[in-house]
Amino acid sequence: WVEAARADMDIPCLTSHEAMIEEAFTHGARLGILTTVSGSLKCLVDDIDRYSKEHDKPITITDHIEDAARPIILAGDIETHDRMVADAADKMTDCDCLMLGQFSMANAISKFTDMPDRPVLTSPHTAVRKLKRLLARDDGMTGETLVLSPQTPTSWPGSTRPSPARSAGEMPGSAPGMTFDGMG
C-alpha cells in the first residue's frame, strides 16, 4: 500500500526494503539474504521477485535463517545476537552482495569479517542513501523540516548538519536540524 500512497504524497516515501533491493541489483545477480525469522525472508524474497520481474533482471538467491539469534535479541542480549549474525554472514560468501533482512540486524555489521568483494546491505542504510539522493534533487524542500512522527527526536547520533525537510511545526515533535547523517 506504500506504493499506492506515494501518488498522493509530496515527500519521498519508501517501502521497508525497496532501496536495499534496488542497490543489491547493482552488485550482480547472485543475492544473499540473511534473516533471523522466516517471515522476514519470505517478505523480502517476494519483493525481490517482484522487482526482478518488473525490471527483467533474473537473479539467484542464497538465503540463511539464523533462527537461534532471534530469541537472544528478544531477551536483550544484543552482543550475542550480533555475533551470531556476523558468524552466519561470514559463511555466506557465494553471492555478489549480502542483504540483512531485518532492521534489528544492521548494527551487527561492525562484527562482520571484511569481504571487499561482497558488500553487505541493510534496509536502514540504503534507505537513508536513497532519501538523501531524492531530497537533494528536490530543490523545493531545501531548508524545511522533515516530519517523521510525533515522537521524532531532534537529532540522531553523529548528525552534523540540518537535513532538508518539510512542514516545521505542523506536528508535535517536529524539530529543525534533524538529520540521518549518522547512518551513512
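The coordinates are above.
As the structure is a prediction and not an experimental result, all values here were calculated from the model. (Residues numbered from 1 in each chain as written. Predicted model: local features only at pLDDT ≥ 70, side-chain atom pairs only at ≥ 80, totals over all residues. Heavy atoms only, no water.)

A. Main features of helix α2 (residues 18–27). Most of α2 is tucked away, with seven of its ten residues classed as buried. As for α2, its buried residues are in contact with α1 (2–6), β1 (30–35), α3 (38–54), β3 (97–100), β4 (120–122) and α6 (123–137). The first or second residue beyond α2 is G28, which carries a positive phi of 145°. (Buried < 20%, exposed > 50% of the residue type's maximum accessible area, 1.4 Å probe, protein only. Helix = DSSP H or I, 4+ residues; strand = E, 2+ residues; numbered from the N terminus. Contact = heavy atoms within 4.5 Å.)

B. Broad picture of the packing of α2 against α3. One can describe the packing of α2 onto α3 by two numbers: an axis separation of 10 Å at closest approach and a directional angle of 55°. As far as their axial angle goes, α3 and α2 are oblique. Here α2 runs over α3; the crossing is right-handed. Contacts between α2 and α3 involve M20, I21, E22 and F25 from the first element and L44, D47, I48, Y51 and S52 from the second. Among the residues making up the contact of α2 with α3, the classes are represented as six nonpolar, one polar and two charged. (Axes fitted to C-alpha atoms, helices over the stretch in contact; angles between N-to-C directions. Parallel < 35°, antiparallel > 145°, perpendicular 65-115°, else oblique. Left-handed = near helix turned anticlockwise from the far one by under 90°. Nonpolar A, V, L, I, M, F, W, Y, C, P; charged D, E, K, R; others polar.)

C. Representation of the side chain of D96 within the structure. As for its placement among the helices and strands, D96 is situated in the loop between α5 (78–90) and β3. We classify D96 as buried; its relative accessible area is 19%. Among the polar contacts listed, one links the side chain of D96 to the backbone nitrogen of A29, at a separation of 3.1 Å. When near neighbours in sequence (up to four residues on either side) are disregarded, D96 contacts H27, G28, A29, R30, D117, R118 and P119. (Polar contact = N/O pair within 3.5 Å; in protein donor to acceptor, adjacent residues only side chain to side chain.)

D. Spotlight on the side chain of S123. Residue position: S123 is located in helix α6. Take S123: its relative accessible area is 2%, and that puts it in the buried class. A distance of 3.3 Å separates a polar atom in the side chain of S123 from the backbone oxygen of S16.

E. Layout of the nonpolar core. The biggest cluster of nonpolar side chains holds 15 residues, and the ones touching the most others in it are I21, F25, L31, I33, L44, I48 and M99. For this core, the elements supplying multiple residues, two or more each, are α2, β1, α3 and β3. Leaving out residues up to four positions away in the same chain, I33 has contacts with L41, L44, V45, I48, I61, T62, D63, H64, M92, L98 and M99. If you look at the next biggest cluster of nonpolar residues, it comprises 14 residues, including V85, L98, A108 and F112. (Core = buried A, V, L, I, M, F, W, Y, C linked by side-chain atoms within 4.5 Å.)

F. Representation of the pairing of β3. Of the two faces of β3, the one carrying C97 and M99 and the one carrying L98 and L100 are both buried. Looking at chain direction, β1 and β3 are connected through four bridges and run parallel. Along β3, the bridge assignment pairs G32 with L98. (Pairing = 2+ DSSP bridges.)

So yeah, pure geometry; function would need other evidence.
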